[in-house]
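Each chain, written out:
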Amino acid sequence: MGYVFPHRHLLGIEQLSREDILFLLDEAEPWVEFNRRARKQDERLRGLTQFNVFFENSTRTLFSFEVAGKRLGAEVANFHTVGSSVQKGETLIDTAYTLDAMRPGVMVIRHSETGAPHQVAEVVGCPVINAGDGTGEHPTQALLDALTMRRRLGRIEGLKVAICGDIRHSRVAGSNLKLLPKLGAEVRLVGPAALLPDDPCEAAAYEELDEGIAGCDVVMMLRIQRERMEESVSGSLADFHALYGLTLERLDRAAPGALVMHPGPMNRGVEIEGALADHPTRSAIREQVEMGVAVRMAVLDVLTRE
Ligand code: CP
């Protein structure tokens, strides 16, 4: 008998073992090739209703979960707070009860409050997938990042990965900080002191970009959250770029052929130079989006198997 995934929900990387993570990555692999076909339709989720419940804006995560579900044959319905009764004051839990009464087969949830998907998972009758909660976790992002690294560099074990920028407020960093060490990668955190986390887990922290990325195989840039700049970092966005913006020239300090990643959305000219983001061989940013569909197909399939 094959590996039996032991979790009903996907709420965070924290809950997953190394074996769980490798299983999900292996499950995603065939969907990469499937998605490159001109015509792509699988029927394994036929009859399943998938609710995408987004209390926060999203381009990549929302749309890729929708595409993933539809390519597997699910009926996909998207719930947005704009135009919903959330705007009349209906609570998260009352919204969850209401949607659950329509008997979905799976719910995908993004919310600005850390722990919101966990609260919903307690009260609904279907699997719940965390699509990003506050400054908590974004587990499918870390899984797609890992799949991208593994496919581009052939391994994760032993890689040196620098995560740079606004780490303190980033749920992407939160999930990668948990996933990468489980697969044997060494993680470094790079950013101004005000944007580094209080608890860096086992990662080494650097306040100098050139020092932090030296010899790294992967440089993962994070979005500077402009709305939080004033309270956390003094100086202009141009000052930030001068100190912490990744350019092709600065990338020379990393390992030869180092891969540049960014979960998006990115601020071109702030944390990353536009030409580097578009670089045909060094940037994996668009490939990350592609891997996102494959990973979300795998997660939807695995969690809803009977
Ligand atoms: N990476 C990511 O979560 O992007 P979106 O906010 O566009 O979904």
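The sections below set out a description of the structure shown in this document.

Reading the values: rules and limits
- Residues numbered from 1 in each chain as written.
- Predicted model: local features only at pLDDT ≥ 70, side-chain atom pairs only at ≥ 80, totals over all residues.
- Heavy atoms only, no water.
- Core = buried A, V, L, I, M, F, W, Y, C linked by side-chain atoms within 4.5 Å.
- Buried < 20%, exposed > 50% of the residue type's maximum accessible area, 1.4 Å probe, protein only.
- Helix = DSSP H or I, 4+ residues; strand = E, 2+ residues; numbered from the N terminus.
- Contact = heavy atoms within 4.5 Å.
- Pairing = 2+ DSSP bridges.
- Axes fitted to C-alpha atoms, helices over the stretch in contact; angles between N-to-C directions.
- Salt bridge = Lys/Arg side-chain N within 4 Å of Asp/Glu carboxyl O.
- Near = heavy atom within 4 Å.
- Polar contact = N/O pair within 3.5 Å; in protein donor to acceptor, adjacent residues only side chain to side chain.
- Areas by Shrake-Rupley, 256 points an atom, 1.4 Å probe, with all protein chains shown as cover.
- Nonpolar A, V, L, I, M, F, W, Y, C, P; charged D, E, K, R; others polar.

Within the largest apolar cluster, 64 residues are counted, with the highest numbers of intra-cluster contacts made by Ile129, Leu143, Met149, Ile163 and Leu179. If one sorts the elements of this core by residue count, helix α12 (residues 285–303) sits on top with ten residues. The contacts of leucine 143, once residues within four sequence positions are left out, are Leu10, Ile13, Ile21, Leu24, Leu25, Leu179, Val295 and Val299. Counting 23 residues, the second-largest nonpolar core is a separate cluster that includes Cys164, Tyr206, Ile224 and Leu251.

Turning our attention to the sheet that holds strand β3 (residues 106–111). In any sheet, the strands associate via hydrogen bonds between backbone groups, in a parallel or an antiparallel arrangement. Read across the sheet, four strands follow the order β2-β1-β3-β4 without closing on themselves; strand pairing throughout is parallel. The two strands at the open ends of the sheet, each matched to only one other strand, are β2 (75–80) and β4 (128–133). Neighbour-to-neighbour, the strand axes of this sheet turn through a mean angle of 15 degrees, independent of strand direction. Alignment of β3 against β4, held across four bridges, turns out to be parallel. Each bridged residue has a counterpart across the sheet, and for methionine 107 the counterpart in β4 is valine 128.

Here we take up the pattern of salt bridges. Evaluated as defined, the whole model comprises 21 salt bridges. A salt bridge links lysine 178 to glutamate 137, with the shortest nitrogen-to-oxygen separation between them at 3.9 Å. Of this pair, lysine 178 sits in helix α6 (residues 171–182) while glutamate 137 is found in the loop between β4 and α5 (139–153), placing the two residues 41 residues apart along the sequence. For glutamate 137, a relative accessible area of 7% puts it in the buried group. Within the structure, one salt-bridge network assembled from shared partners comprises Asp26, Glu29, Glu33, Arg150 and Arg151.

This part takes up the environment of valine 218. By secondary structure assignment, the location of valine 218 is in strand β8 (residues 218–221). Taking the C-alpha atoms as reference points, valine 218 and isoleucine 167, 51 residues apart in sequence, are found 16 Å from one another. Apart from residues lying up to four places away in sequence, valine 218 is in contact with Met149, Leu153, Leu159, Lys160, Val161, Ala162, Leu259 and Met261.

Looking now at the sheet that holds strand β7 (residues 204–206). Overall, parallel pairing links the five strands, which are arranged β7-β6-β5-β8-β9 in an open sheet. Looking at the sheet topology across the chains shown, the edges are occupied by β7 and β9 (259–261). Adjacent strand axes in the sheet meet at a mean angle of 20 degrees when their direction is disregarded. Judged from the three bridges that link them, β8 and β9 form a sheet pairing that is parallel. Bridge assignment links methionine 220 to a residue of β9, and that residue is methionine 261.

Attention shifts here to the site of the ligand. Neighbouring the ligand are the residues Ser58, Thr59, Arg60, Thr61, Arg110, His138, Gln141, Pro263 and Gly264. Histidine 138 has a polar side-chain atom sitting 2.9 Å from an oxygen atom of the ligand. Here a nitrogen atom of the ligand sits 3.1 Å away from a polar atom, N or O, in the side chain of glutamine 141. Here the ligand, which alone exposes 250 Å², has 91% of that area covered by the protein. Classifying every residue of the shell around the ligand by side-chain character gives one nonpolar, six polar and two charged.

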